[in-house]
Amino acid sequence: MVFLVVFSFITSALAAYVVIRLARRHARQYAHDMPQRFHLGHVPRIGGLGIFVGLVLAWAYAGTPQAASLNVDWRANSTFLWLMAMCMAPAVFAGIAEDMTQRLRARLRLGLTALSAILLCWLLNLGVRRIGFAPLDDWLQAAPLAAAIFAMVAIAGLPHAFNLIDGYNGLAGMVAILISLALVHVALQVGDRQLAAMLVCLVGATGGFLLWNYPYGKIFAGDGGAYVWGLVIAVACVLLVQRHPTVSPWFPMLLLIYPVSETLFSVYRKLARGQSPSMADALHLHQLIFRRIVRVVFEDDEASDLLARNNRTSPYLWIFSLLTVVPAVMFWSNTAVLVAFCALFVVTYVGAYLMIIRFKVPRWLGK
């Protein structure tokens, strides 16, 4: 599978380079007063196109007879991966359209991600049939429509969760790689090489994008890139639990608890302030870390100062994400331990958020 990683990395990096060269006029359309803007200069926001191109081309290769050395059933793989790409298209291209125009309503984008989720659940026969609690599991087994709705909500929601954490150079991309590698590890442990092949292509395509995105921010993933990450990872999580009874349904929950917590807390925060959940603000955890913790004193102009602070923000959140990825990989079949770690993370997240917003940050943390 090493070849798939290299192939998707190269194709994604080349596609992103082409976007950087051709999308300079588009980059000027992103207003300076946007609340999510923490950079200077004009940077293309359609890196998701490069990620999607690299991913689909790698999937196309993985579905050929020449990929037989990967030890997967290439005929089944080909059908599965092409269905994945076609079902993802409505959401991904809606995200790219928003990145290019900033004119698509949030409800329209949510509707198109829901359409992709419905197509994926229908054509791939996806369903959340296990929660880890016997009464609910029995009900889901007896109610396939309810299981499909659970899966649809998860698949439609995760792209927007990744979009919320995509605020600084390398942040969401590296989180997507960490989660994908954890899923690859467990997929190989249970012998699911098809699922592992699908995910290693995403790892390579994301790596090709990060070549230009981190640390210098030559291109951003935008909504399109977040939707690619969210859809592929969500489908992989549902499939892994659906296909393999030994995998706890709380394994993907712990893996994804950071973007999920960020999303739910953001919705709660906006509703409590009487705002629409779709309204953008600058109060996400990564934005508070950028303002309160990351300190840069050695640059002598505003642009380099902002870039350095941007680059130094992401590693804090990478470590935060690793605090969930590592125990998830260690205890991927133990529901009780995974539930405990999920609860611990939620408490830690809320505590860290309140500590930062109240300016009670230890001095050593900002060094």
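The preceding data block contains the structure.
Reading guide: rules and limits
- Residues numbered from 1 in each chain as written.
- Predicted model: local features only at pLDDT ≥ 70, side-chain atom pairs only at ≥ 80, totals over all residues.
- Heavy atoms only, no water.
- Salt bridge = Lys/Arg side-chain N within 4 Å of Asp/Glu carboxyl O.
- Helix = DSSP H or I, 4+ residues; strand = E, 2+ residues; numbered from the N terminus.
- Buried < 20%, exposed > 50% of the residue type's maximum accessible area, 1.4 Å probe, protein only.
- Phe/Tyr/Trp six-rings, centres within 6.5 Å; stacked < 30°, edge-to-face > 60°.
- Expected span 1.5 Å × (residues − 1).
- Axes fitted to C-alpha atoms, helices over the stretch in contact; angles between N-to-C directions.
- Parallel < 35°, antiparallel > 145°, perpendicular 65-115°, else oblique.
- Contact = heavy atoms within 4.5 Å.
- Nonpolar A, V, L, I, M, F, W, Y, C, P; charged D, E, K, R; others polar.

A.B. asks: So what's going on with the pattern of salt bridges? Residues and values would help.
C.D. replies: Taken as a whole and judged by the stated rule, the model has 3 salt bridges. A salt bridge links E98 to R109; the nearest nitrogen and oxygen atoms lie 4.0 Å apart. Separated by 11 residues along the polypeptide, E98 in helix α4 (residues 74-101) and R109 in helix α5 (residues 106-123) bring together distant segments of the chain. Per residue, the accessibility class of E98 equals that of R109, and both read buried. The network of salt bridges with common partners includes E98, R109 and D223.

A.B. asks: If you had to explain the packing of aromatic side chains to someone new, which residues and values would you point to?
C.D. replies: Taken as a whole and assessed by the stated rule, the structure comprises 14 aromatic pairs. Ring centres 6.5 Å apart and planes at 55° place the aromatic pair F162 and W229 in the tilted group. Of this pair, F162 sits in helix α7 (residues 144-165) while W229 sits in helix α10 (residues 222-243), placing them 67 residues apart in sequence. For F162, a relative accessible area of 0% corresponds to the buried category. Given the relative accessible area of 0%, W229 is considered buried.

A.B. asks: Give me the lowdown on helix α15 (residues 335-357), citing residues and values where you can.
C.D. replies: Along its 23 residues, α15 runs 33 Å from first to last C-alpha, staying within 8% of the 33 Å computed at 1.5 Å per residue. Listed in full, the buried residues belonging to α15 are L338, C342, F345, Y349, A352, Y353 and I356.

A.B. asks: Residues and numbers for unusual backbone geometry, please.
C.D. replies: Across the junction of Y214 and P215, the peptide omega takes the value 10°, indicating a cis bond. If you trace the backbone, P215 turns up in the loop between α9 (193-213) and α10. The residue Q102 is not glycine, and still its phi comes out positive at about 55°. Q102 sits in the partly exposed class, given a relative accessible area of 26%. Phi angles above zero are rare outside glycine, and N125 is one such case at about 55°. With respect to the helices and strands, N125 occurs in the loop between α5 and α6 (134-142). For N125, a relative accessible area of 52% gives the class exposed.

A.B. asks: Talk me through the packing of α7 against helix α12 (residues 257-272); I want residue IDs and the actual numbers.
C.D. replies: Their axes nearest at 8 Å, the elements α7 and α12 cross at an angle of 85°. It follows from the interaxial angle that α7 and α12 lie roughly perpendicular. Between α7 and α12, the contacting residues are A161, L164 and I165 on the first element and Y258, P259, E262, T263 and S266 on the second. Across the contact of α7 with α12, the residue classes tally to 5 nonpolar, 2 polar and 1 charged.

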